[in-house]
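Structural features, examined
One-letter residues, chain by chain:
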Amino acid sequence: MIETRPLLSMFLTALLVVTMSGCDTFDNPLRWEQSPIADDLIGTWKEAEGNAGLQAKVSRTDDKTLGFEVTSPEERRTTFLGNVINAGSVHVLQVRMDSYKEFDNDGESSADPATGFYFLRIAPSPPNRVKVHDLDVDTMGRVAERELAASDLTIAEEAYARCLRDSIRDRIWKKALLAGLLSEQEAEAIQRQSAKSPEAGIDPYPDMARLRTCVAHRLPSESLEQLFLEHADEVFSGETSVFVRE
């Protein structure tokens, strides 16, 4: 699995994978029907604000899937597949991370395939404009806890254990990096040594926030659908990009 963080806005600001951790892709897809605006996205777009020269070509690959090719001013190219789906007035681009490829200037793919899904809210803004709203994953974690904590929701024990391991590993590597060490064995040695020190400690609140966010990425489809439909404005409150048709 590649390491990634929130995808750079639709088309590069949200869809260029930079340094995403495994917790930043979602395990489960939405099960909504294809959105009626899907065909409206077919064509060539450019970002109206921000990344001048960024171009995105959208084509249909089959009756449910769109193909995206994004080219930056530096001629870097990114391709991926996605499904534009909706429930009510909420339209979402569901990115298939196993299809995501980033190419360097020599045309070589520079990343291993990821797994899972990522979501962006799509809002048509006539004439010939579209707004793309990225997730605010920290907010989503808080909303998920608020709305689902009293429910009968469960996630797989292995998935929860993975979140715990990721949180611990994050602390280990921070210690290793600060010490200028490179190997995992050395990082673990630092953790063991720190644990023996009376000054050793953990700031629990950032750890709790990371764990909450990681759990949100493990939610089953039904819970994701509930959060996105009932709290779309709150959870899709990250960066907004505007694209115009060329």
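Scroll up for the structure.
Let us look at the structure shown here. Only a predicted model underlies this, so the values are computations on that prediction, with no experimental measurement involved.

Thoughts on the state of the cysteines
Disulfide: a covalent bond connecting the sulfur atoms of a pair of cysteines. Following the criterion strictly, the structure yields one disulfide and no others. Between the sulfur atoms of C163 and its disulfide partner C214 the distance amounts to 2.3 Å. Looking along the S-S bond of the C163-C214 disulfide, the torsion reads about -85°, which is the left-handed sense. Within this pair, whereas C163 is found in helix α2 (residues 157-178), its partner C214 is found in helix α4 (residues 204-217), the two being separated by 51 residues in sequence. Neither residue differs from the other here; C163 and C214 are each classed as buried.

Brief notes about the pairing of strand β8 (residues 129-134)
Where strand β7 (residues 117-124) lies against β8, five bridges are found, and the strand directions are antiparallel. Residue pairing in the sheet places P124 in a bridge with V130 of β8. Two successive antiparallel strands, β7 and β8, enclose a turn made up of four residues, where N128 displays a positive phi of approximately 60°. Pairing between β8 and strand β9 (residues 240-245): five bridges, direction antiparallel. Considered in β9, the bridge of K131 is made with V242.

What counts and what doesn't
- Residues numbered from 1 in each chain as written.
- Predicted model: local features only at pLDDT ≥ 70, side-chain atom pairs only at ≥ 80, totals over all residues.
- Heavy atoms only, no water.
- Disulfide = S-S within 2.5 Å.
- Helix = DSSP H or I, 4+ residues; strand = E, 2+ residues; numbered from the N terminus.
- Buried < 20%, exposed > 50% of the residue type's maximum accessible area, 1.4 Å probe, protein only.
- Pairing = 2+ DSSP bridges.

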